Amino acid sequence: MPVDTMNEMILGFAVILIVLLTYILILALRTRKAKKRQENPPRS
Amino acid sequence: MLEKSPLLTLLDILSLILIAGALILILFFTPLERVMGPVQKVFYFHVASAWAGMLSFILGAAAGAGYLITRRDTWDALSLSAIEVGLVFGLIAILSGMIWAQPIWNTCWVWEPRLTTTAVMELIYLAYFILRGGLGTPEIRARLSTVYAIISVITVPLTFFSIRLFRTIHPVVIAPGSDSAFNMTPRMLTPFFISLVTFTILLIDLVWHRTRLAILQIENQKEGR
C-alpha cells in the first residue's frame, strides 16, 4: 500500500509552477520597461 | 527595436501546450509508485528541471567561449541569459527535491554528495551575478564574467556524476543494471522523456526571451538611455 503523500505532490507541483510563472512575469515586466526606455529615453 | 520572431511566438505556444500536456499525463495517466505514493510524480518535473538547469549552464559556458572568440555582445547576452534561466531551473529542482524528500527521507535536506554539489553549483552561478554587478566598464564586465561562466561549468559534470562516483542516498535515475537505479516501467518512461523534451523546449524559449531583453538593455546602455 503506497504512503498517502497527496499533499506533498500538490505542494511540489504548485511550487514548480509558481516559480516558473513568477520568473516569466518578471521577465515580461523587465522587457516592457526596457522597451519603454528605448521608445521614451529619460531626459538627463 | 528588436522585433519578436514568429518562431519565438510558436515556441511560446508549444511550451505552453507541452507543459499542460505533460502535467495532465503525469497527474492522471502515470501509475502510482508502490512505496512513495503520489509525491513520486514530482520526480518527472524535478529531474527535467535539473536537466534543463545543467544544459543551460553548459550553454552559458559555450556562449561565453563564443564571446571570447568573437567579442560580439550577442554572445555575452546569450551567456548571461542561459545562466539566469539555469538558476531558475536549478531552484525548481532543489525546491521540488526538498518537498519530495520530506516524506520519503523524513528530512528535506541531507548534506550528501548530490545535494551538496547541486547547492554549490547554484551558489557559484549566483555569484556570477554579484561579479557582473561589481564590474565597471561593459567590456571588462563581459570578458571577466564569460571567463567565470566557463570556469564554473566544471560544477555541472561534478553534480551530474556525484551520484555515480560517491555513495549517496539520492537515487540514480538512468543506470541500467545498477542496484540503486530507479526501475521505471514503460508507463513511467514515456512521461519521463516527454518531461525532458518539454523542459528543454521551455529552456530554449526562456533563454531566447531573456537574450532579447539583454540585447535591448545593451542597446539602451550604449545609447545612454
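Keep in mind that this is a model prediction, so the values were computed, not measured.

Topic: the overall build of chain A
Per the secondary structure count, chain A includes 1 helix and 0 strands. Seen along its three principal axes, the alpha-carbon backbone of chain A occupies a region of about 70 × 15 × 5 Å. Here chain A holds 44 residues, and 14% of them are scored as buried.

As for the confidence of the model for chain B
With 95% of its residues at a pLDDT of 70 or more, chain B has an overall mean of 93. The complex prediction reports pTM at 0.94, with the ipTM value standing at 0.92.

Some remarks on the interface of chain B and chain A
Frequently, the measure chosen for interface size is the accessible area removed from exposure when the parts meet. Of the residues lining the interface, 30 residues belong to chain B; the matching set on chain A comes to 23 residues. When contributions to the side of chain B that touches chain A are tallied by element, the ones reaching two or more residues are helix H2 (42-70), helix H3 (73-105) and helix H7 (186-222) of chain B. At 9 residues, H3 of chain B tops the list of elements feeding residues into the side of chain B that touches chain A. Classifying every residue of the side of chain B that touches chain A gives 17 nonpolar, 6 polar and 7 charged.

Looking at the nonpolar core
In terms of nonpolar packing, the biggest core is built from 54 residues, with Ile83 and Leu203 of chain B touching the most fellow members. Looking at this core, the elements with two or more residues in it are helix H1 (6-39) of chain A together with helix H1 (6-29), H2, H3, helix H4 (113-134), helix H5 (138-152) and H7 of chain B. The greatest single-element share of this core, amounting to 16 residues, is contributed by H3 of chain B. With near-sequence residues (within four places) excluded, Ile83 of chain B lies in contact with Phe57, Gly60, Tyr125, Tyr128 and Ala149 of chain B.

Quick word on H5 of chain B
All names here are of chain B. The first and last C-alpha atoms of H5 sit 21 Å apart over 15 residues, in line with the 21 Å expected at 1.5 Å per residue. Those residues of H5 lying buried are Ala142, Ser145, Thr146, Tyr148 and Ala149. For H5, the angular spread of the buried residues around the axis is 160°, confining them to a single face. Projecting away from the buried face of H5 at angles above 90 degrees are the exposed residues Glu139, Ile140 and Ile151.

Considerations on the environment of Trp111 of chain B
All names here are of chain B. With respect to the helices and strands, the residue Trp111 is situated in the loop between H3 and H4. In this structure Trp111 comes out as exposed when scored by C-beta crowding, with 7 C-beta atoms within 10 Å. Separated by 57 residues in sequence, Trp111 and Thr168 have C-alpha atoms that sit 9.8 Å apart.

Some points on unusual backbone geometry
Residue and element names in this part refer to chain B. Within the chain, Arg71 stands out as a residue other than glycine whose phi angle is a positive 60°. Relative to the helices and strands, Arg71 is located in the loop between H2 and H3. Of note in this structure, Asn106 is not a glycine but carries a positive phi near 70°. Along the chain, Asn106 falls in the loop between H3 and H4.

As for the packing of H4 of chain B against helix H6 (residues 155-165) of chain B
Residue and element names in this part refer to chain B. It is the contact of H4 with H6, at a shortest axis distance of 8 Å, that shows an interaxial angle of 165°. If you check the angle between H4 and H6, you find them roughly antiparallel. The handedness of the crossing between H4 and H6 comes out as left-handed. Contacts between H4 and H6 pair Pro113, Arg114, Thr117, Thr118, Val120, Met121 and Ile124 from the former with Thr155, Val156, Leu158, Thr159, Ser162 and Ile163 from the latter. Taken together, the residues of the contact of H4 with H6 sort by class into 7 nonpolar, 5 polar and 1 charged.

A closer look at the environment of Leu165 of chain B
Residues and elements named next belong to chain B. You can see Leu165 is positioned in helix H6. For Leu165, a count of 11 C-beta atoms within 10 Å puts it in the exposed group. The spacing of Leu165 and Pro113 is 52 residues in sequence and 9.1 Å in space, taken between C-alpha atoms.

What to know about the packing of H2 of chain B against H5 of chain B
Residues and elements named next belong to chain B. Where H2 meets H5, the axes come as close as 8 Å, and the angle between the chain directions of the two elements is 140°. With respect to each other, H2 and H5 are oriented oblique. The hand of the H2/H5 crossing is left-handed. Contacts between H2 and H5 involve Gly60, Ala61, Gly64, Ala65, Tyr67 and Leu68 on the former and, on the latter, Ala142, Thr146, Ala149 and Ile150. Of the residues contributing to the contact of H2 with H5, the split by class is 7 nonpolar, 3 polar and no charged.

Each value, and the rule that gives it
- Residues numbered from 1 in each chain as written.
- Chains lettered and ligands numbered in written order.
- Predicted model: local features only at pLDDT ≥ 70, side-chain atom pairs only at ≥ 80, totals over all residues.
- Helix = DSSP H or I, 4+ residues; strand = E, 2+ residues; numbered from the N terminus.
- Buried ≥ 20, exposed ≤ 12 C-beta atoms within 10 Å, placed from the backbone.
- pLDDT = per-residue confidence, 0-100.
- Contact = placed C-beta atoms within 7 Å.
- Nonpolar A, V, L, I, M, F, W, Y, C, P; charged D, E, K, R; others polar.
- Core = buried A, V, L, I, M, F, W, Y, C linked by C-beta atoms within 7 Å.
- Expected span 1.5 Å × (residues − 1).
- Arc of directions from axis to C-beta.
- Axes fitted to C-alpha atoms, helices over the stretch in contact; angles between N-to-C directions.
- Parallel < 35°, antiparallel > 145°, perpendicular 65-115°, else oblique.
- Left-handed = near helix turned anticlockwise from the far one by under 90°.

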